[in-house]
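# Structure at a glance
Spelled out from the first residue to the last, the chains are:
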Amino acid sequence: MKWLDSLRFWSVRIPLLLTFLSYYFLMVLTNFDKVEAYANPLQPFKGSVYFIDNHIYAGPYPDPEALAQLQESHGVRRVVSVLNPEVPFVRELAQSEAEACRRLGMECIVLPGADARELAGVLASAKVRTYVHRYFMTSDFKSLVKEAASK
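Small disclaimer: the values here were computed from a predicted structure and weren't measured.

This part covers helix H6 (residues 139–150). With 12 residues, H6 extends 16 Å between its outermost C-alpha atoms, agreeing within 8% with the 16 Å of an ideal straight helix rising 1.5 Å per residue. Among the residues making up H6, those that are buried are Phe 141, Leu 144, Val 145, Ala 148 and Ala 149. Looking straight down H6, one finds that the buried residues subtend no more than 130° of arc, so they occupy a single side. Exposed and facing more than 90 degrees away from the buried side of H6 are Ser 139 and Ser 150. The inward-facing, buried residues of H6 contact strand S2 (56–59), helix H5 (116–125) and strand S5 (130–133).

With 20 residues, the main nonpolar core has Ile 56, Val 80, Leu 111, Leu 119, Val 132, Phe 141 and Val 145 as its most contacted residues. Other than its neighbours up to four places away in sequence, Leu 111 contacts Val 80, Ser 81, Val 82, Glu 118, Leu 119 and Val 122.

A few words now on the packing of helix H3 (residues 64–74) against helix H4 (residues 88–104). When two helices pack together, you describe them by how their axes are tilted relative to each other and by the distance separating the axes. The geometry of H3 relative to H4 is characterised by a closest axis approach of 9 Å and an angle of 35° between their N-to-C directions. Like other packed secondary-structure pairs, H3 and H4 cross with a definite hand, here right-handed. Residue-level inspection shows Pro 64, Leu 67, Ala 68 and Gln 71 of H3 in contact with H4, the latter providing Ser 96, Glu 97, Ala 100, Cys 101, Arg 103 and Leu 104. Here the contact of H3 with H4 is composed, by residue class, of six nonpolar, two polar and two charged.

Turning our eyes to something else, we now look at the environment of Glu 99. The topology assignment puts Glu 99 in helix H4. What makes Glu 99 partly exposed here is its relative accessible area of 35%. A polar contact of 2.5 Å, which involves the side chain of Glu 99, links it to the side chain of Arg 102.

Side chains that differ in sign of charge can pair as their charged atoms come close. By the definition in use, this model includes one salt bridge. The partner of Glu 99 in a salt bridge is Arg 102, and the shortest N-O contact between them spans 2.5 Å. Of this pair, Glu 99 and Arg 102 are both found in helix H4, three residues apart, which corresponds to roughly one turn of the helix. For Arg 102, a relative accessible area of 57% gives the class exposed.

Bringing H5 into the picture now. For H5, the complete set of buried residues consists of Ala 116, Leu 119, Ala 120, Val 122 and Leu 123. Those residues of H5 that are buried are in contact with S2, strand S3 (78–81), strand S4 (107–110), S5 and H6.

About the criteria used
- Residues numbered from 1 in each chain as written.
- Predicted model: local features only at pLDDT ≥ 70, side-chain atom pairs only at ≥ 80, totals over all residues.
- Heavy atoms only, no water.
- Helix = DSSP H or I, 4+ residues; strand = E, 2+ residues; numbered from the N terminus.
- Expected span 1.5 Å × (residues − 1).
- Buried < 20%, exposed > 50% of the residue type's maximum accessible area, 1.4 Å probe, protein only.
- Arc of directions from axis to C-beta.
- Contact = heavy atoms within 4.5 Å.
- Core = buried A, V, L, I, M, F, W, Y, C linked by side-chain atoms within 4.5 Å.
- Axes fitted to C-alpha atoms, helices over the stretch in contact; angles between N-to-C directions.
- Left-handed = near helix turned anticlockwise from the far one by under 90°.
- Nonpolar A, V, L, I, M, F, W, Y, C, P; charged D, E, K, R; others polar.
- Polar contact = N/O pair within 3.5 Å; in protein donor to acceptor, adjacent residues only side chain to side chain.
- Salt bridge = Lys/Arg side-chain N within 4 Å of Asp/Glu carboxyl O.

If you want it as structure tokens, here you go:
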């Protein structure tokens, strides 16, 4: 009957352990903007910054340090985000980005789920160095930005 004692022992502890772990997981998700900069397991998959046009760069979501580096090394003065701030964890990222842009004196434009036509309108409006981003930099996003820049 040793297995029955073991079953009784773990049948109480496993649900408790799962409850506590789910609480910490929820806590991390609600504070994703703070955790993302230090312990993001997706960082290697986010992609790189790409030169699209003489004044347009595209890439993944930039943390405040990356924004400062883009401003210093590439002269970026405007940031266009296609992230949707209505998504809970994205709202925190958008607020953090807007604050970093304000602190650096950069213009921040949010176009949730923009298509090539919407992006083209924003990119053609001024000839300032612009960084366009989505959370991950993928080949389809790169081609979307190239299409918008060519219009």
